Amino acid sequence: ELTCRLELNGNIVANGSGKQVLGHPVNALCWLANALGERGEILKKGDVISTGVCVDQLVLANRGDSVTVDYGTTLGKVIFKLE
């Protein structure tokens, strides 16, 4: 149910929710674990995993742009500037 908002240089450019990642981000993680298992590989302690993109469109950012991803009161914001 977690939603997010993506801002580029202070303008809202995309919205989304965790449901957009195969219905739930855990489904994407399960898919990854199963796909690796079919290749004889496993997830290991310390692996960094991205379960996918939850916003509703591709957003291209350029050097110098400021990006904010707002996950609301649950997780807060991630803010960075492309250098």
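Because the structure is a prediction, the values reported are computed rather than measured.

The rules we used
Residues numbered from 1 in each chain as written. Predicted model: local features only at pLDDT ≥ 70, side-chain atom pairs only at ≥ 80, totals over all residues. Heavy atoms only, no water. Helix = DSSP H or I, 4+ residues; strand = E, 2+ residues; numbered from the N terminus. Polar contact = N/O pair within 3.5 Å; in protein donor to acceptor, adjacent residues only side chain to side chain. Buried < 20%, exposed > 50% of the residue type's maximum accessible area, 1.4 Å probe, protein only. Contact = heavy atoms within 4.5 Å. Pairing = 2+ DSSP bridges. Core = buried A, V, L, I, M, F, W, Y, C linked by side-chain atoms within 4.5 Å.

## Comments concerning the side chain of Asp-70
Link 1 in the chain: Inspection of the secondary structure puts Asp-70 in strand β3 (residues 66–70).
Link 2 in the chain: Within the structure, Asp-70 has its side chain in polar contact with the backbone nitrogen of Gly-72 (distance 2.7 Å).

## Considerations on the side chain of Glu-7
Link 1 in the chain: Mapped onto the secondary structure, Glu-7 falls in strand β1 (residues 3–8).
Link 2 in the chain: With a relative accessible area of 15%, Glu-7 lands in the buried category.
Link 3 in the chain: Of note is the side chain of Glu-7, whose polar atom sits 2.9 Å from the side chain of Arg-5.
Link 4 in the chain: In contact with Glu-7, other than residues within four places in its own chain, are Ile-12, Val-13, Ser-66, Val-67 and Thr-68.

## Digging into the pairing of strand β2 (residues 11–17)
Link 1 in the chain: Here 6 bridges tie β1 to β2, and the two strands are oriented antiparallel to one another. By the bridge assignment, Glu-7 is partnered in β2 with Ile-12.
Link 2 in the chain: Counted along the chain from β1 to the antiparallel partner β2, the turn is 2 residues long, and its residue Asn-9 has a positive phi close to 55°.

## What to know about the environment of Ala-28
Link 1 in the chain: Checked against the element boundaries, Ala-28 lands in helix α1 (residues 25–38).
Link 2 in the chain: Separated by 27 residues in the primary sequence, Ala-28 and Glu-1 place their C-alpha atoms 15 Å from one another.
Link 3 in the chain: Residue contacts for Ala-28: discarding those within four places in its chain leaves Val-21, Leu-22 and Thr-51.

## Quick notes on the nonpolar core
Link 1 in the chain: Cys-4, Leu-6, Leu-8, Ala-14, Val-21, Ala-28, Cys-54, Val-55, Val-67 and Val-69 together form the largest nonpolar core, which totals 10 residues.
Link 2 in the chain: At the level of elements, β1 and β3 are the ones that each hand at least two residues to this core.
Link 3 in the chain: Element by element, the count of residues in this core is highest for β1, at 3 residues.
Link 4 in the chain: Apart from residues no more than four positions distant in its own chain, Val-21 is found in contact with Ala-28, Thr-51, Gly-52, Val-53 and Cys-54.

## Structural notes on unusual backbone geometry
Link 1 in the chain: Phi at Asn-9 is positive, roughly 55°, even though this residue is not glycine.
Link 2 in the chain: Note that Asn-9 resides in the loop between β1 and β2.

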